Amino acid sequence: MQQEQIVVNAIIDGEKITTEKLAPRENPARPNEIVGYYPINTREEAAKAIDSAANAFPGWAKTPMKERVERMRNAVQKIKDAAPEIAKLLSTEHGKPLYDAEGEIGVSLMWMEFACDHAEEVLRNEVIEHSTGKTIIAKDPKGVISAITPWNYPLSLSTIKIAPALLAGNTMVLKPSPLAPLAVTKVAEMIADEFPKGVLNIVNGESEIGVELTTNPKVAKIAFTGGTRTATHIMKSAADTIKDMTLELGGNDAAVILKDFDVNDDRAMRRLVISNFLTAGQICMIAKRVYVDRAIYDQFVEKYIEAANKWIRVGDPFNKDVTIGPVNNKKQAEFVQSLIDDAVSKGAKAIKLGKVLDQDLFETGYFLQPTLVLDVDYNDPIVVEEQFGPTLPILPFDGDQHAIELVNDSIYGLTSSVWGEEEHAIEVAKQIQAGTTMINTAAVQGLDVRFPFGGVKQSGIGREYGKEGILAYTDTHVINIPKVGELPYIPE
């Protein structure tokens with residue numbers, strides 16, 4: 001489905017900044033088709049954006065909460081009105097099927113509305129009267145926020161930062177990923193238009209932009225979603241100026257299938273397949289390795305393949321019958337295929353899942369047919385690394401304690417899931433090292449924006465979503481008002 005090519009611009013101090021240096025974003029389903037162009041902004045332009053945000057901060061921080069919320073609700077309505085066009089653009093530039101793009105917009109709006117509904121309550125000053133006087137606990141805005149967002153869920157992983165930051169009285173500079181820059185820049189521009197100039201600025205570009213956003217002394221906080229390796233560079237860059245940060249990083253999320261899981265539960269099996277392959281497996285919280293109690297392993301694999309073959313249909317993202325589109329970019333597709341090839345070279349069995357609906361298109365784009373990998377070692381790269389693509393290893397375990405050890409033997413700890421009889425599953429879940437553990441569901445199907453989300457270990461620092469996700473953009477400011485009286489004894 002050919003769309004008219006678009007050009008997005010940087011937004012600095014309320015103005016569109018045109019640049020001669022533009023980069024193309026291709027359609028991953030048809031790589032010869034250019035969807036649009038985004039600017040390669042300079043480091044100097046990034047610095048100007050930060051200056052603009054810094055200049056806007058004092059006035060915006062004093063703006064009444066009622067006005068902040070009203071402006072954000074206006075932005076929400078604009079996004080709702082434009083949702084069909086945004087979804088088409090996102091699907092074309094990203095590769096995710098249209099239903100998936102529409103779902104991402106839905107999650108974004110759900111969170112923005114939650115933040116609007118709860119901002120006043122969460123950010124209200126707490127006044128405590130006590131025997132020695134009165135204390136006010138204020139939630140002050142931090143200042144300028146640098147937001148650096150990834151390509152896999154560009155809209156939701158940008159609005160998850162924009163909404164709470166601006167509602168809390170901060171200003172922001174947003175840098176989207178070059179691998180999905182168009183729809184998110186359009187959405188961010190819609191939001192920016194509803195706020196005073198300089199409150200939300202947008203720059204696109206390469207790594208030098210990121211360097212400015214993480215080292216500039218006027219930046220108070222960095223909000224980053226992306227890879228763990230990149231996060232280590234960000235932390236080093238931010239160290240000289242001791243910046244606060246929220247980092248939502250990589251995950252190698254495990255699913256544990258207990259022996260009391262009903263392998264004949266078709267709906268549960270379908271939920272599991274979706275939790276493995278939605279968005280072609282390119283979600284931080286996708287279940288990327290599945291451990292099954294050996295007592296039901298053979299039955300489980302048989303039923304899993306059956307369920308996967310029913311749900312997985314690979315093809316054009318605009319075909320309503322398609323459930324999985326291409327991988328977002330060539331480099332990622334090659335990486336995922338290399339993991340599969342490595343496992344097979346060591347004796348693993350690779351099983352193609354589902355149907356390819358258009359073979360010619362499949363061979364044209366960055367497509368990979370979802371692949372189940374069996375008979376792998378617990379320490380093989382396809383098990384211990386984050387694949388971030390449409391492949392899945394399934395491995396047996398011997399007893400609950402063995403499963404817990406396998407899950408926790410990882411540098412990551414973003415999400416996990418346990419499948420089986422509910423109370424049994426909860427007991428196992430309590431022993432897993434993860435920011436979120438879901439019972440009998442996983443990934444986006446178990447996400448709830450009302451509650452905090454984030455990782456442990458090398459999967460991140462801090463939390464997004466929930467009331468904690470709003471407070472993350474504030475500093476606690478304690479104001480003590482003691483009763484006037486004699487001081488305690490202090491030697492002269």
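Residues numbered from 1 in each chain as written. Predicted model: local features only at pLDDT ≥ 70, side-chain atom pairs only at ≥ 80, totals over all residues. Heavy atoms only, no water.

Asker: Let's hear about the overall build of the chain: which residues, and what values?
Answerer: In terms of regular secondary structure, the chain is built from 15 helices and 23 strands. For 492 residues, the compact-globule formula gives about 23 Å, and the C-alpha radius of gyration of the chain, at 24 Å, lands near that figure. Structurally, the chain occupies a C-alpha span of about 80 × 60 × 40 Å along its principal axes. Counting all 492 residues of the chain, 59% fall into the buried class. Contacts spanning at least 24 positions in sequence make up 74% of the contacts within the chain whose residues lie at least 6 apart. Surface accessibility of the chain: about 20,700 Å² in total, with carbon and sulfur atoms responsible for 51%. If the 51 positive side-chain charges of the chain are averaged to one point and the 69 negative ones to another, these points end up 3 Å apart. (Helix = DSSP H or I, 4+ residues; strand = E, 2+ residues; numbered from the N terminus. Rg over C-alpha atoms; globule rule 2.2 N^0.38 Å. Buried < 20%, exposed > 50% of the residue type's maximum accessible area, 1.4 Å probe, protein only. Contact = heavy atoms within 4.5 Å. Areas by Shrake-Rupley, 256 points an atom, 1.4 Å probe, with all protein chains shown as cover. Lys, Arg positive; Asp, Glu negative; His and termini not counted. Charge placed at Lys NZ, Arg CZ, Asp CG, Glu CD.)

Asker: Give me the lowdown on helix H9 (residues 297-311), citing residues and values where you can.
Answerer: The first and last C-alpha atoms of H9 sit 21 Å apart over 15 residues, in line with the 21 Å expected at 1.5 Å per residue. Taken residue by residue, H9 has Tyr297, Phe300, Val301, Tyr304, Ile305, Ala307, Ala308 and Trp311 as its buried positions. (Expected span 1.5 Å × (residues − 1).)

Asker: Hey, could you go over the sheet that holds strand E6 (residues 126-130) for me, with residue numbers and the actual values?
Answerer: One open sheet holds the three strands; their spatial order is E6-E7-E23, and the pairing between them is antiparallel. A strand with exactly one partner marks an edge of an open sheet, and here the two such strands are E6 and strand E23 (474-482). With direction set aside, neighbouring strand axes in the sheet form an average angle of 15°. Relative to strand E7 (residues 133-141), E6 is paired through five bridges, and the arrangement is antiparallel. If you follow Ile128 over to E7, its bridge partner there is Thr135. (Pairing = 2+ DSSP bridges. Axes fitted to C-alpha atoms, helices over the stretch in contact; angles between N-to-C directions.)

Asker: Can you explain the packing of aromatic side chains? Please cite residues and give values.
Answerer: With the rule as written, the count across this model stands at eight aromatic pairs. For the ring pair Trp60 and Phe195, a centre distance of 5.3 Å and an interplane angle of 75° mean the geometry is edge-to-face. Here Trp60 is found in helix H1 (residues 43-61), whereas its partner Phe195 is found in the loop between helix H5 (182-192) and strand E10 (200-202), with 135 residues between them in sequence. You'll find Trp60 and Phe195 in the same group, each marked buried. Ring centres of Phe261 and Trp419 lie 6.3 Å apart, and the angle between their planes is 85°; on these two criteria the pair is classed as edge-to-face. (Phe/Tyr/Trp six-rings, centres within 6.5 Å; stacked < 30°, edge-to-face > 60°.)

Asker: Any details on the sheet that holds strand E20 (residues 415-419)? Residues and values, ideally.
Answerer: Across a sheet, strands are paired by hydrogen bonds formed along the backbone, either parallel or antiparallel in direction. If you trace the seven strands from one edge of the open sheet to the other, you get E16-E18-E19-E14-E13-E20-E21, paired in mixed fashion. At either end of the open sheet lies a strand with only one pairing partner, and these are strand E16 (349-352) and strand E21 (436-439). Within this sheet the neighbouring strands show an average axis-to-axis angle of 20°, counted without direction. Of the pairings in the sheet, the one linking strand E18 (residues 371-374) to strand E19 (residues 391-397) comprises three bridges and is parallel in character. From the neighbouring strand, Thr371 faces E19, where its bridge partner is Thr391. Packing of helix H8 (residues 266-277) onto the sheet brings it into contact with strand E13 (254-257), strand E14 (289-293), E18, E19 and E20, and relative to E20 it is tilted by some 160°. Contacts from H9 reach E13, E14, E16, E18 and E19 within the one sheet, and its direction differs from that of E19 by about 160°.

Asker: Before we move on, can you summarise the pattern of salt bridges with the specific residues and values?
Answerer: In the structure shown here, the tally under the stated rule is 22 salt bridges. A salt bridge links Arg25 to Glu26; its shortest N-O distance comes to 3.5 Å. Of the two residues, Arg25 and Glu26, both sit in the buried class. In this structure, the salt-bridge partner of Lys80 is Glu113, at a minimum N-O distance of 2.6 Å. Note that Lys80 is positioned in helix H2 (residues 65-94) and Glu113 in helix H3 (residues 98-123), a separation of 33 residues in sequence. Look at Glu113 and you get partly exposed, because its relative accessible area is 28%. (Salt bridge = Lys/Arg side-chain N within 4 Å of Asp/Glu carboxyl O.)

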